[in-house]
Amino acid sequence: MISLHYIYWSLIFLIGIFEILQVPSGIYKAGIPVIGLILFLSQLLKGKLKITAPYFLWVLLFLFVSLCSMVLNQIDVFSLVYFLSYTMLSYFYFLVILNEKSEKKITRVFKFIRILVLIQIPAVLIKFIVLGQGEKGGIGTLSTGAGSLSTVFPLLIIAFLISYYFYTNKKIYLFLIFCYLLFGLIGGKRAIVFYIPLEMILGYLLYLKIEKKKFTPSIIKNFILIPVMAFFAFYFVVKTNPTLNPENSNWGSFDPEFVIDYSMHYNETSNIHQAEVSRQDAFVLYTQYIITSELSNMLLGDGAGKLVESKFKEEKGTMLDQYGVRYGGRMGFIWLILQTGLLGVFFFFGLIYKINTHINTTFKKQTFNKQNPLVLGFFLAGIFMLIDTITYSNSFVRYEVIKGIYFFVAALIIRQQNIVKKQQLSY
């Protein structure tokens, strides 16, 4: 069954290649959830219908809210299934990894995912040579049009690279951080100029907290070095992103005032084109829209699956067609709350919260050593995936390459925690 894991992750990571080759989208759109379901059912049967399924009540409640929302708003079953494959597939694959008894198989899957992650570096460099800078034409091998992945994917991967650098002090991780910074730059994304430096600084503060480090000369040195590295990342992004320097050049001048002024105007809502309402304004607009709706819509939303885009649907599932807004409707929080209301958002993020609190509570009681970088990376990634979901894009909610990796790492950590717990009980 290891081959099914390989196919599952290959389909997730190579969507951009399939799009370039014009492979029918049904192969990966249906293939990913079908293989995920086969893996889950196989694990269920191997366990004789008994498996470890933490937090399942939260998932069950989310599924129930989604079903009620579909029925109430007369959404077709196809759209609901599509919606649930976006939002809940990662959890069921999480159960597959959590219940797998073969440590060798888990290690092989982990190595395979790492290879697919590393492949993104040469892939994006080839894209730069052939097509130049920009979000269209290829985000590594991940997609040809999902521009937000050029920001969110590097953020996710760099969270773990930073963590491993802090624990090992190996320079290879700094090199890889630079490579994934380039991934974002080649994708032409401006948000990375703010997120990456912040991620580096916050990661170091979390590292000091988790390890309960006292201030030594080495710690003080790193405390100075990390902000310097963060500034260098900021400086490099500003000079190489044409929209962030006055010369509109790939190697323009560094002008912080220009960056601040551009950012403030960039986030203003156009008075002429309301379809381009800013993310900040859209957050307020649609949160108020749901809160002031009828009780049923406030609690359950306008229909789970309403904002799913598919050629098999009669209605278009875009924010522009359904709500008249294109730009500001990109955030995962808005995407969720409009479709499943306050209850759907509560149960979805409740699931994420329970996973984090479980890992954090157990981590405080155990000593992992080799697992510590993975735990730090998981917490750091979680913070930025939450920031992304609320303020920037729906990548974490919708794209399996983001949420899938996040849940996979959660399963690895909890597996190790369970092993340590059993060892402690055996003494």
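A brief structural summary. Everything numeric here is computed off the predicted structure, so don't read it as measured data. Numbers given to residues run from 1 along each chain, matching the order in which its sequence is written. Residue-level local features of this predicted model are given only where pLDDT is at least 70; pairs of side-chain atoms are given and counted only at 80 or more, and the full residue set underlies all totals for whole chains, interfaces and linings. The side-chain values count all of the structure's non-hydrogen atoms but skip hydrogen atoms and water molecules.

1. Observations concerning the overall build of the protein
The secondary structure content of the protein amounts to 18 helices and zero strands. Exposure classes here rest on a 1.4 Å probe applied to the protein chains alone. A residue is buried below 20% of its type maximum, exposed above 50%, and partly exposed in between. Counting every position in the protein, which comprises 427 residues, the buried fraction comes to 54%. In the protein, of all internal contacts separated by at least 6 residues, the share reaching a separation of at least 24 is 74%. Here the Shrake-Rupley method, with its probe set to 1.4 Å, supplies the accessible areas, and only the displayed protein chains count as covering residues. Per element, the accessible surface of the protein, about 20,200 Å² overall, is 66% carbon and sulfur. Only DSSP runs of H or I covering at least 4 residues are called helices, and only runs of E covering at least 2 are called strands; the numbering of each starts at the N terminus. The contact criterion used is simple: two residues touch if any of their non-hydrogen atoms lie within 4.5 Å.

2. Looking at a nonpolar patch on the surface
Residues qualify for a patch when their relative accessible area is over 30% and they have no salt bridge, like charges being joined within 9 Å and the nonpolar side chains of Val, Leu, Ile, Met, Phe, Trp and Tyr within 5 Å. The term salt bridge refers to a side-chain nitrogen of Lys or Arg lying within 4 Å of a carboxyl oxygen of Asp or Glu. Together, I126, F128, I129, V130 and L131 make up a nonpolar patch on the protein surface, roughly 550 Å² of accessible area in all. Mapped onto the secondary structure, I129 falls in helix α6 (residues 103–131). Assessed through its relative accessible area of 70%, I129 is described here as exposed.

3. As for the nonpolar core
Counting 131 residues, the largest nonpolar core has W9, F13, F94, F153, Y180, F378 and I405 as the members making the most contacts within it. The residues contacting Y180, other than those within four sequence positions of it, are V117, L118, I121, F153, P154, I157, I158, L161 and I192. Think of a nonpolar core as a cluster: buried Ala, Val, Leu, Ile, Met, Phe, Trp, Tyr and Cys residues, connected wherever their side-chain atoms sit within 4.5 Å.

4. Quick look at the side chain of S395
With respect to the element layout, S395 can be found in helix α17 (residues 395–398). Judged by its relative accessible area of 0%, S395 falls in the buried class. If sequence neighbours within four positions are ignored, S395 has contacts with S148, L149, V152, D388 and I402.

5. A short note on empty space enclosed by the protein
A cavity here means a set of 1 Å grid points, computed over protein atoms only, where a 1.4 Å probe fits but cannot escape. A pocket is an open set with protein on both sides within 12 Å along at least 5 of 7 lines, and lining residues have an atom within 4 Å of a point. Grid points are joined across faces, edges and corners, and a volume is the space filled by probe spheres set on the points. Counting across every chain of the model gives one cavity of 30 Å³ or more. Quantified by volume, the largest cavity comes out at close to 50 Å³. What lines the largest cavity is simply M1, H5, L39, S42, Q43, K46, V96, E100 and K105. Looking at side-chain class alone, the lining of the largest cavity contains three nonpolar, three polar and three charged residues. Classification used: nonpolar for Ala, Val, Leu, Ile, Met, Phe, Trp, Tyr, Cys and Pro, charged for Asp, Glu, Lys and Arg, polar for all others including Gly.

6. A short note on the side chain of S393
Tracing the chain through its elements places S393 in the loop between α16 (372–391) and α17. For S393, a relative accessible area of 3% translates into the label buried. Counted as a polar contact is a pair of N or O atoms within 3.5 Å, where, for protein atoms, one must be capable of donating a hydrogen and the other of accepting one, and residues adjacent in sequence contribute only when both atoms are in side chains. In terms of polar contacts, S393 uses its side chain to reach the side chain of S395, at 3.0 Å. S393 has contacts with S148, V152, R330, M331, G332 and D388, leaving out every residue within four places of it along the chain.

7. Some thoughts on α16
Helix length check: α16, at 20 residues, gives a terminal C-alpha distance of 29 Å against a target of 28 Å (1.5 Å per residue), a fit within 8%. Within α16, 15 of the 20 residues are buried, leaving the element largely enclosed by the surrounding structure. Given a helix with a known number of residues, its expected span is that number minus one, times 1.5 Å.

8. A closer look at helix α12 (residues 279–291)
With 13 residues, α12 should cover 18 Å at 1.5 Å per step; its first-to-last C-alpha distance of 18 Å lies within 8% of that length. At its buried positions, α12 is contacted by α13 (295–300), α14 (319–323), α15 (332–365) and α16.

9. Describing the layout of surface pockets
What the largest pocket holds in volume is close to 1,200 Å³. Lining the largest pocket are 40 residues, and of these A146, E309, N394, R398 and Y399 lie nearest its centre. At the level of secondary structure, the elements contributing two or more residues to the lining of the largest pocket comprise α2 (15–20), α3 (26–46), α5 (77–99), α14 and α18 (400–426). Class assignment of the residues belonging to the lining of the largest pocket gives a composition of 18 nonpolar, 11 polar and 11 charged.

10. A word on the packing of helix α1 (residues 2–13) against α6
Interaxial angle, 0 to 180 degrees, is taken between N-to-C directions of lines fitted to C-alpha atoms, where a helix line uses only the stretch in contact. Where α1 meets α6, the closest approach of the two axes is 10 Å, and the angle between their N-to-C directions is 20 degrees. When the interaxial angle is binned, α1 and α6 end up roughly parallel. Here α1 and α6 pass one another in a crossing that is right-handed. Here I2, H5, Y6, W9, S10 and F13 of α1 come into contact with α6, specifically with K105, R108, V109, F112, I113, L116, V117 and Q120. Relative orientations are named as follows: roughly parallel for angles under 35 degrees, roughly antiparallel for angles over 145 degrees, roughly perpendicular for angles from 65 to 115 degrees, and oblique for any other angle. Less than a right angle of anticlockwise turn of the near helix away from the far helix marks a crossing as left-handed, whereas a clockwise turn marks it as right-handed.

11. With respect to the packing of aromatic side chains
Stacked, edge-to-face and tilted labels apply to pairs of Phe, Tyr and Trp rings (six-membered ring for Trp) whose centres lie within 6.5 Å, assigned for plane angles under 30 degrees, over 60, and everything in between, in that order. Taken as a whole and assessed by the stated rule, the structure comprises 42 aromatic pairs. Centroid distance Y91 to F92: 5.5 Å. Interplanar angle 80 degrees. Geometry classified as edge-to-face. Per residue, the accessibility class of Y91 equals that of F92, and both read buried. Pairing F153 with Y180 gives two aromatic rings, centres 6.3 Å apart and planes at 65 degrees, and the pair type is edge-to-face. Taken together, the residues F153 in helix α7 (residues 149–168) and Y180 in helix α8 (residues 171–186) connect sequence positions 27 residues apart. For F153, a relative accessible area of 0% puts it in the buried group. Counting every residue linked through ring pairs, the aromatic cluster contains F40, Y55, Y91, F92, F94, F378, F379, F396, Y406 and F407. Over a ring means this: the NZ of a Lys or the CZ of an Arg is within 6 Å of the ring centre and within 35 degrees of the ring normal. Sitting above the plane of the F110 ring, R114 keeps its charged end 4.9 Å from the centroid. Looking at R398, its charged tip hangs above the ring of Y399, at a distance of 5.7 Å from the centre.

12. Re unusual backbone geometry
Positive phi is not limited to glycine here, since Q22 has a value of about 60 degrees. Accessibility expressed as a relative area gives 69% for Q22, which makes it exposed. You will see that N169, though not glycine, has its phi angle at about 60 degrees, which is positive. Positionally, N169 belongs in the loop between α7 and α8.

13. A closer look at the packing of helix α4 (residues 56–73) against α5
Remark: α4 packs on α5, axes separated minimally by 11 Å, with the N-to-C direction vectors making an angle of 165 degrees. The angle between the axes of α4 and α5 places the two elements in the roughly antiparallel class. Read as a crossing pair, α4 and α5 show a hand that is right-handed. Contact with α4, carried on its side by F56, V59, F62, L63, S66, L67 and M70, involves V77, L80, F83, L84, T87, M88, Y91 and F92 of α5 and no other residues of that element. Considering only residue class, the contact of α4 with α5 consists of 13 nonpolar, two polar and no charged.

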